Amino acid sequence: MANGQSGLITGAARGIGEAIAKAYAAEGAFVYVTDIDENQGQLVAKSLGDSGAFAYMDVRNEEAWQIITQSILQKHKRLDVVVNNAGITGFESIDGPHDLTCPL
């Protein structure tokens, strides 16, 4: 992403999403860090300084997509990149790693 662009990254509270958020912010973009993990997501957004903001978002909720998109367009007049990184495994209620190859 280039300087002045804005992006939305789902599942950005850790892992690949967090790394993408940090890379985009380092390139000068404003990044919306979204996740269902509010505490960790806010920490990631804070680490981006003035280049990031956190928004709680459950990607399974269509209305949440509409709300965040409208908010970004109002504030930045553009949304250049969306990275739909959030994983929905069906194991969200299980603590620890989610291994899809391992039967419950």
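Since we're looking at a predicted model, the values are computed, not measured. (Residues numbered from 1 in each chain as written. Predicted model: local features only at pLDDT ≥ 70, side-chain atom pairs only at ≥ 80, totals over all residues. Heavy atoms only, no water.)

## Section: the environment of Met 1
Then, in step 1: Assignment of secondary structure puts Met 1 in the segment before β1 (6-10).
Then, in step 2: A C-alpha to C-alpha distance of 8.2 Å links Met 1 and Asp 80, two positions 79 residues apart in sequence.
Then, in step 3: Excluding residues within four positions of it along the chain, Met 1 makes contact with Ser 6, Gly 7, Tyr 24, Glu 27, Ala 29, Asp 80 and Val 81. (Helix = DSSP H or I, 4+ residues; strand = E, 2+ residues; numbered from the N terminus. Contact = heavy atoms within 4.5 Å.)

## What about the sheet that holds strand β3 (residues 52-56)?
Then, in step 1: One open sheet accounts for four strands, arranged β3-β2-β1-β4; its pairing is parallel. Only two strands of the sheet have a single neighbouring strand rather than two, namely β3 and β4 (81-84). Each strand of the sheet is rotated relative to its neighbour by a mean of 15°, with strand direction disregarded.
Then, in step 2: Two elements, β1 and β4, share four bridges in a ladder whose sense is parallel. (Pairing = 2+ DSSP bridges. Axes fitted to C-alpha atoms, helices over the stretch in contact; angles between N-to-C directions.)

## Here we look at the environment of Ser 51
Then, in step 1: Structurally, Ser 51 can be placed in the loop between α2 (38-47) and β3.
Then, in step 2: Ignoring any residue separated from it by four or fewer positions in sequence, one finds Ser 51 in contact with Ala 25, Ala 29, Phe 30 and Val 31.

## Side note on the nonpolar core
Then, in step 1: Ile 9, Ala 21, Tyr 24, Val 31, Val 33 and Leu 48 are the most contacted members of the largest nonpolar core, which totals 14 residues.
Then, in step 2: Among the elements of the structure, α1 (15-26), β2 (30-35) and α2 are those that each provide at least two residues to this core.
Then, in step 3: In terms of residues, this core owes the most to one element, α1, which gives three residues.
Then, in step 4: Those residues in contact with Tyr 24 that sit more than four places away from it in its chain are Met 1, Ile 9, Ala 29, Val 31, Val 81 and Val 83.
Then, in step 5: Ranked by size, the runner-up nonpolar core spans nine residues in total, among them Phe 30, Ala 55, Met 57 and Ile 68. (Core = buried A, V, L, I, M, F, W, Y, C linked by side-chain atoms within 4.5 Å. Buried < 20%, exposed > 50% of the residue type's maximum accessible area, 1.4 Å probe, protein only.)

## Things to note about the packing of aromatic side chains
Then, in step 1: Inspection of every chain in the model, using the stated rule, returns one aromatic pair.
Then, in step 2: Measuring from ring centre to ring centre gives 5.1 Å for Phe 30 and Tyr 32, while their planes differ by 65°; the resulting arrangement is edge-to-face. (Phe/Tyr/Trp six-rings, centres within 6.5 Å; stacked < 30°, edge-to-face > 60°.)

## What to know about α2
Then, in step 1: Regarding α2, the residues found buried are Gly 41, Val 44 and Ala 45. The buried residues of α2 all sit within an arc of 100° when viewed along its axis, so they share a single face. Structural note: α2 exposes Asn 39, Leu 43 and Lys 46 on the side pointing more than 90 degrees away from its buried face.
Then, in step 2: Contact partners of the buried residues in α2: α1, β2 and β3.
Then, in step 3: With a side-chain oxygen positioned 3.4 Å from the backbone nitrogen of Asn 39, the residue opening α2 is Asp 37. (Arc of directions from axis to C-beta. Polar contact = N/O pair within 3.5 Å; in protein donor to acceptor, adjacent residues only side chain to side chain.)

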